[in-house]
Amino acid sequence: MNYLIVFIGAGIGGMLRQGVNVTALKWAGNGFPWGTLFINILGSFVMGLVAEYWALKSGLPQTTRLFLTTGILGGFTTFSAFSLDTALLYERGETLAAAGYAIGSVVLSVGALFGGLAIIRHLVGVQG
C-alpha cells in the first residue's frame, strides 16, 4: 500500500513540476532554467516545513508523511533535471551561468530548507 501512496503522490508532484516549468517558460523564456531553480528552492523549503512539523507536532500516520515527502515532494523536486540543466548550460559554453546555477541552486535550496525548519520551530515555540 505504501508504494501506491508514493506513486500517486509522485504523479501529483510531477504534474505540479510541469505546471511550474511551463509557467516559467512563458514568463522568463528558455535562456535559463528558472523553473527548475524555483522548484528546487520551493521543494526544499516545503520539505523543511513538513519534516520539522512531523518531528515536533504531528500525530498523523506514516502513510501521510510518505505521500507528502517521498510522493508529492519527491515528484516535484528536480535535482536530476538540475544536473541535466547544469550540464546543458556548460555544454553550450555558458560556463559562468552553469556554475552560478549549480552553486545558487544548492545554496538557496539548503537555505530554504533551514528557513522552513526555523518557521515551524518558531510557530510551535521550539528553540533551534
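Residues numbered from 1 in each chain as written. Predicted model: local features only at pLDDT ≥ 70, side-chain atom pairs only at ≥ 80, totals over all residues. Heavy atoms only, no water.

### With respect to the nonpolar core
The following threshold applies: Think of a nonpolar core as a cluster: buried Ala, Val, Leu, Ile, Met, Phe, Trp, Tyr and Cys residues, connected wherever their side-chain atoms sit within 4.5 Å. Relative accessible area decides the class of each residue, using a 1.4 Å probe on protein chains only: under 20% of the type maximum gives buried, over 50% gives exposed, and in between gives partly exposed. Each helix is a run of H or I in the DSSP string that is no shorter than four residues. Each strand is a run of E no shorter than two, and both are numbered from the N terminus. Should any heavy atoms of two residues lie within 4.5 Å, those residues are considered in contact.
Within the largest apolar cluster, 5 residues are counted, these being Leu37, Phe82, Leu89, Ala98 and Tyr101. Every element with two or more residues in this core is listed here: helix H4 (79-91) and helix H5 (95-124). Excluding residues within four positions of it along the chain, Leu37 makes contact with Phe32, Tyr101, Gly104 and Ser105.

### Examining the UniProt feature "binding site: Na(+)" (unreviewed entry) in the protein chain
Our working rule: UniProt positions are given in the numbering used here, feature names are shortened, and annotations may be inferred rather than shown by experiment.
The sites that UniProt annotates as "binding site: Na(+)" (unreviewed entry) are Gly74 and Thr77. Turning to its location among the elements, Gly74 is positioned in helix H3 (residues 62-76). Note on Gly74: relative accessible area 43%, which makes it partly exposed. In this structure Thr77 comes out as partly exposed when scored by relative accessible area, which is 25%. Those residues within four positions of Thr77 in sequence are excluded, and the remaining contacts are Arg17, Ile39, Asn40, Gly43 and Ser44.

### A short note on the packing of helix H2 (residues 34-56) against H3
Heads up, the rule is: Interaxial angles span 0 to 180 degrees and are taken between N-to-C directions of axes, which are lines fitted to C-alpha atoms, for helices over the stretch in contact. Oblique is the label for any angle not under 35 degrees, not over 145, and not in the 65 to 115 range, which are roughly parallel, roughly antiparallel and roughly perpendicular in turn. In this classification, Asp, Glu, Lys and Arg are treated as charged, Ala, Val, Leu, Ile, Met, Phe, Trp, Tyr, Cys and Pro as nonpolar, and every other residue, Gly included, as polar.
Running from N to C, H2 and H3 cross one another at 170°; their axes reach a closest spacing of 10 Å. Our classification of the angle between H2 and H3 gives roughly antiparallel. On H3, the residues touching Ile39, Leu42, Gly43, Val46, Met47, Val50 and Trp54 of H2 are Thr64, Arg65, Leu68, Thr69, Leu73 and Phe76. Counted by class, the contact of H2 with H3 contains 9 nonpolar, 3 polar and 1 charged residues.

### Some thoughts on the UniProt feature "transmembrane region" (unreviewed entry) in the protein chain
Mapped onto this numbering, the UniProt entry gives "transmembrane region" (unreviewed entry) at residues 34-54, 66-84 and 96-120. Annotation note: span residues 34-54, helix share 100%, strand share 0%, distance between end C-alpha atoms 30 Å. Between the end C-alpha atoms of residues 66-84 there is a gap of 27 Å, over a span that is 89% helix and 0% strand.

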